Amino acid sequence: MKNLLDVISRETRDIEKEAAIAAQAHFVAGRRWEKTNLGLGIPSTILAGVAGVTAFTALSPYITGCVALIVAALSGLSTFLGPGDRADSHRAASARFSEIRREASLLRDVDAPLANSDDEETAQALADRLRQLITRITEADQHAPGVSIYAKDQAEKKFGGQFVEAAQPASS
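A. Region of interest: a nonpolar patch on the surface. Taken together, the side chains of Leu38, Ile42, Ile46 and Val50 make up a nonpolar region of the molecular surface, amounting to roughly 350 Å² of accessible area. In this structure, Leu38 sits in helix H1 (residues 2-55).

The structure is reproduced here in structure tokens:
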């Protein structure tokens, strides 16, 4: 029974690490898409106003045409890339992975230590919760948008050293 609790503890630690890294990677990716959304939207809006004003001034039609072409290019990029929608998708994925991380942490740090090492029924209930967490993180990963290598590297830098003890064997 003690061995089962040790396995549950190790596995929930691994899920916690995986979920923390995934949540952070999606947070980073979402933030980058938010910046892209603003980087395309703000200049497009300002230049659209400039193009409208220059159309009614004595400025060269060449200037008005160039500004209008830039606005069209920025608007087209914004529509094609959909940075606002991508940012929302990454924010939602980050929230799902954060919830899974918190559940894994609760299972490992609170529920598993409270289990009596002789109570097989409680251990089985904990093992069932572990299986549910594995299913949830697998489904979350399958439905999450892809993240860039940069976002994943940033997440691993933030959380990599925090979970070092998960790789160490449990001492008896």
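B. Region of the structure containing the environment of Arg10. Along the chain, Arg10 turns up in helix H1. With 54 residues separating them in the primary sequence, Arg10 and Thr64 have C-alpha atoms 64 Å apart.

C. The nonpolar core, seen in detail. Judged by nonpolar contacts, the single largest core of 20 residues is most densely connected at Ile15, Phe97, Ile100, Leu126, Leu133 and Ile137. Secondary structure elements with two or more residues in this core: H1, helix H3 (83-114) and helix H4 (120-143). Among residues more than four places away in sequence, those in contact with Leu133 are Ile15, Ile100, Glu103, Ala104 and Leu107. In terms of nonpolar packing, the next biggest core, distinct from the first, is built from 5 residues, Ala20, Ile21, Ala25 and Ala155 among them.

D. Main features of the pattern of salt bridges. Taken as a whole and assessed by the stated rule, the structure comprises 9 salt bridges. When the shortest N-O distance is used, the salt bridge between Arg129 and Asp111 registers 2.5 Å. A residue pair is termed long-range when its members are at least 10 positions apart, and Arg129 in helix H4 and Asp111 in helix H3 qualify at 18 residues. A relative accessible area of 31% means that Arg129 is categorised as partly exposed. Judged by its relative accessible area of 21%, Asp111 is partly exposed. Overlapping salt bridges, with partners in common, bring together Glu16, Arg108 and Asp109 in one network.

Cut-offs used in this document
- Residues numbered from 1 in each chain as written.
- Predicted model: local features only at pLDDT ≥ 70, side-chain atom pairs only at ≥ 80, totals over all residues.
- Heavy atoms only, no water.
- Patch = residues over 30% accessible without salt bridge, like charges linked within 9 Å, V, L, I, M, F, W, Y side chains within 5 Å.
- Areas by Shrake-Rupley, 256 points an atom, 1.4 Å probe, with all protein chains shown as cover.
- Salt bridge = Lys/Arg side-chain N within 4 Å of Asp/Glu carboxyl O.
- Helix = DSSP H or I, 4+ residues; strand = E, 2+ residues; numbered from the N terminus.
- Core = buried A, V, L, I, M, F, W, Y, C linked by side-chain atoms within 4.5 Å.
- Buried < 20%, exposed > 50% of the residue type's maximum accessible area, 1.4 Å probe, protein only.
- Contact = heavy atoms within 4.5 Å.

Purely geometric stuff here, so don't read any function into it on its own.
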